[in-house]
Amino acid sequence: MMPAQETYDVIVIGAGAGGMTAAAVAAAQGLRVLVIEKTAFVGGTMAWSDGMVWIPANPKMQEAGLSDSITDAVQYLSSTVPETANAGLRAAFLARGPEAVAYLEAKTEVRLQPVKACPDYYPERLGATSGGRVLGPVAFDGTKLGAHFSRLRAPLPEFTLFGGMMVDRLDIPHLRRIGKSLRSTLRAARLICEYALQRLGSSRGTTLHLGNALAARLYASLLARQVEVLFSADVQDLSMQGDRVGGVVIRHGSRDRSIAARRGVVIATGGFSHDAILRKRFFPTAAGVVSAANTSITGDGFRLATSIGAALNTDATSPAYWVPASLFRRADGSHGVFPHTVTDRAKPGVIAVNAAGRRFVNEALPYHEFALAMLRDFNGKPDRPFHLICDRQFLWRYGLGRIKPFTHNLRRYVAAGELIEARDIAGLAARIGIKPAVLTATIASYNSGAKEGRDPEFGRGSNIYQRHLGDAAHKPNPCVAPIVGPPFFAVRIYPADIGTAIGMKVDAQARVLREDGTPIAGLYACGSDMGSIMNGNCPGPGIMLGPALTFGYIAGRHLAEGAMTSVTASAATTPV
């Protein structure tokens, strides 16, 4: 279906977090908006994610009685993002992030709540908080989307239960205590019954959580404001009116068509995670080709903007945000990538080893830090494998990768080569190409301290963030337990990106800049098409979605108002 109009006030390219936020805000401000999405679904990588949004001193944490201030956030970022590059954008983010949250809650269907027990990634740094800077989406009833529910990108099947049931993070401990706690058993039974009823009228569960709930809430905001979304359409070019971007040329089916934008165009296509040429240009060789980002992200916005002179923000300590990931093949033949973010690495009774069979990292570190350690360990040899190692007791209790806890039958995973099994450590070493004596010594060294809940080599479980990811019921250290009970298992992991950090240079109004620092009139960027304001550093969970929503909001407001009235020039240039 082609757009109903030839001319809109605003055209947004990409229906991910930043793009839908910009569109929702512009529409809430009274503008006629068109969103162009190259796939058949809204949500992008956000729909697969945990939906965490990192915004310091946000109003929701204040309502919950949690303490924070911009001063503390500045202090925290000064050590976790020490570079001066993009300091003005970080200042704009801190100044406008709380405002964005308040606006979205008041003017759209977005509803957020503070995650009270989710520390910043470096809790020992000055200005860090133990929770609340991270916001999570409030659960959403997908039936409110009506027929449009089919346009919402489904979560990864590996993060659902029973073929489509989403679970709130607070319900996970209850599911693990089925049969052990009456309260947990009853709660789990209620969730399963509700899901069964939902499946009578839907191909998957309609109680949405995490990033799927956030994507649904943003999509509901577009629908409520009559924002048109054109699916399965490619933007071929940006239309210029003199030195101003005045619209786009699209291809939809076999037809090309020009659509004008009176106020401007927002580029929010998600970066370039799956573009081989751009990966080779910007990523380290050791990064390989594995990506946990949505497969539709192929650098479209990058090429559109640079074709008219947009400058790149390459001031990044890392060109992407990384995660350790395992690979597998689904029953339908499709290939899957499982990001090992928070579900298994920090739990007691698993270690990571390199190609030499030795531990190389504190397994409970934030996923970005963990994967950076993998990239460093490659030492110029990107074919060197890494593995997570555990025993049967760990696998039963916590799962590993896409293998869920309490899985009785492991044969299909073993037969597929995804899960490697052996009766003893020496046999496991032989199957993963490691000298048996080395892996045996590594396990013995780890176990000697683990029996007492210690990790002398890496200090696993030494701060509140690491313990937050562990098992609070395991004493004395929620992150450390020995690996002792056969059979033993291994899963190969790879460094994978979850999004790019290199993107367009923008100013504090999200306007795309030329090499000389002047804005390209009528062109905005947000999300991963905008260069990372954190320079590829990762100070907290939700460090991609927080700036995406904030600068999507800023772009929407600036398009509607023509100029920012609620932030001073000094707020946009004060170094952080």
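A quick note: this is a predicted structure, and the numbers were derived from the prediction, not measured. (Residues numbered from 1 in each chain as written. Predicted model: local features only at pLDDT ≥ 70, side-chain atom pairs only at ≥ 80, totals over all residues. Heavy atoms only, no water.)

Visitor: Describe the packing of aromatic side chains, naming the residues involved and giving the relevant values.
Guide: This structure, assessed with the given rule, holds 17 aromatic pairs. Summarising the aromatic geometry, the rings of Phe 360 and Phe 370 are spaced 5.9 Å apart at their centres and angled 70° between planes, so their arrangement reads as edge-to-face. Here the residue Phe 360 occupies a position in the loop between β15 (350–353) and α10 (367–378), and Phe 370 occupies one in helix α10, the gap between them amounting to ten residues. For the pair formed by Phe 360 and Phe 370, the shared burial category is buried. With 5.1 Å between their ring centres and 90° between their planes, Phe 378 and Phe 386 make a pair best called edge-to-face. In this structure, Arg 151 is placed above the aromatic ring of Phe 231, and the distance from its NZ or CZ to the ring centre is 4.1 Å. (Phe/Tyr/Trp six-rings, centres within 6.5 Å; stacked < 30°, edge-to-face > 60°. Helix = DSSP H or I, 4+ residues; strand = E, 2+ residues; numbered from the N terminus. Buried < 20%, exposed > 50% of the residue type's maximum accessible area, 1.4 Å probe, protein only. Lys NZ or Arg CZ within 6 Å of the ring centre and 35° of its normal.)

Visitor: Mind laying out the pairing of strand β10 (residues 244–252), listing which residues take part and the relevant values?
Guide: In summary, the side chains of a regular strand alternate between the two faces of the sheet. Summarising the sheet, strand β9 (residues 233–241) and β10 pair through eight bridges and their orientation is antiparallel. In the sheet register, Val 235 faces β10, and the bridge partner there is Ile 250. Where β9 folds back onto β10 in an antiparallel hairpin, the turn is made up of two residues, including Gly 242, whose phi is positive at roughly 70°. For β10 and strand β11 (residues 255–267), the ladder comprises six bridges, and the chain directions are antiparallel. Across the sheet, residue Arg 251 finds its bridge partner in β11, namely Asp 256. Counting the residues in the hairpin turn of β10 and β11 gives two residues, including Gly 253, whose phi is positive at 70°. (Pairing = 2+ DSSP bridges.)

Visitor: Let's hear about the side chain of Arg 402: which residues, and what values?
Guide: Secondary-structure assignment places Arg 402 in the loop between α11 (392–398) and α12 (411–415). Only 3.4 Å separates the side chain of Arg 402 from the backbone oxygen of Arg 329, close enough to count as a polar contact. Beyond its immediate stretch of four places on either side in the chain, Arg 402 contacts Glu 158, Phe 328, Arg 329, Arg 330, Phe 338, Arg 412, Tyr 413 and Glu 418. (Polar contact = N/O pair within 3.5 Å; in protein donor to acceptor, adjacent residues only side chain to side chain. Contact = heavy atoms within 4.5 Å.)

Visitor: Can you explain the nonpolar core? Please cite residues and give values.
Guide: Counting 171 residues, the largest nonpolar core has Val 248 and Phe 551 as its most contacted members. If one sorts the elements of this core by residue count, helix α16 (residues 545–561) sits on top with nine residues. Discounting chain neighbours no more than four positions away, the residues touching Phe 551 are Leu 89, Ala 92, Phe 93, Asp 507, Ala 508, Ala 510, Cys 526, Met 530 and Ile 533. (Core = buried A, V, L, I, M, F, W, Y, C linked by side-chain atoms within 4.5 Å.)

Visitor: Quick rundown of the sheet that holds strand β3 (residues 53–54)? Include the residues and the values.
Guide: The strand order across the open sheet built from three strands is β3-β5-β4, with neighbouring strands paired in antiparallel fashion. Both edges of this open sheet fall to β3 and β4 (112–114), since each of them pairs with a single strand only. Summarising the sheet, β3 and strand β5 (residues 134–137) pair through two bridges and their orientation is antiparallel. Counted as the bridge partner of Val 53 is Leu 135 from β5.

Visitor: Report on the layout of surface pockets, specifying residues and quantitative values.
Guide: When its volume is computed, the second largest pocket comes out at roughly 380 Å³. The residue inventory of the lining of the second largest pocket, partitioned by class, reads eight nonpolar, six polar and four charged. (1 Å grid on protein atoms, 1.4 Å probe; cavity = no way out; pocket = protein on both sides within 12 Å on 5 of 7 lines; lining within 4 Å. Points joined across faces, edges and corners; volume = space filled by probe spheres on them. Nonpolar A, V, L, I, M, F, W, Y, C, P; charged D, E, K, R; others polar.)

Visitor: Break down the pairing of β15 for me, with residues and values.
Guide: Burial along β15 is two-sided: the residues Val 350 and Ala 352 and Ile 351 and Val 353 are all buried. Alignment of β15 against strand β16 (residues 386–391), held across four bridges, turns out to be antiparallel. For Val 353, the partnering residue across the bridge sits in β16 and is His 387.

Visitor: Could you give an account of the pattern of salt bridges, naming the residues involved and the relevant values?
Guide: Throughout the structure, instances matching the rule amount to 26 salt bridges. Salt-bridge contacts for Glu 124 lead to Arg 125; the nearest nitrogen and oxygen are separated by 3.7 Å. On the basis of relative accessibility, which here comes to 52%, the residue Glu 124 falls in the exposed class. Ionic pairing is found between Arg 330 and Glu 158, a salt bridge with its closest N-O pair at 2.8 Å. Taken together, the residues span a long stretch of sequence, with Arg 330 in the loop between β13 (320–329) and β14 (335–339) and Glu 158 in the loop between β6 (140–141) and α5 (172–176) at a distance of 172 residues. Its relative accessible area of 9% is what places Glu 158 among the buried residues. A network of salt bridges, in which partner residues are shared, links Arg 359, Glu 363, Asp 455, Glu 457 and Arg 460. (Salt bridge = Lys/Arg side-chain N within 4 Å of Asp/Glu carboxyl O.)

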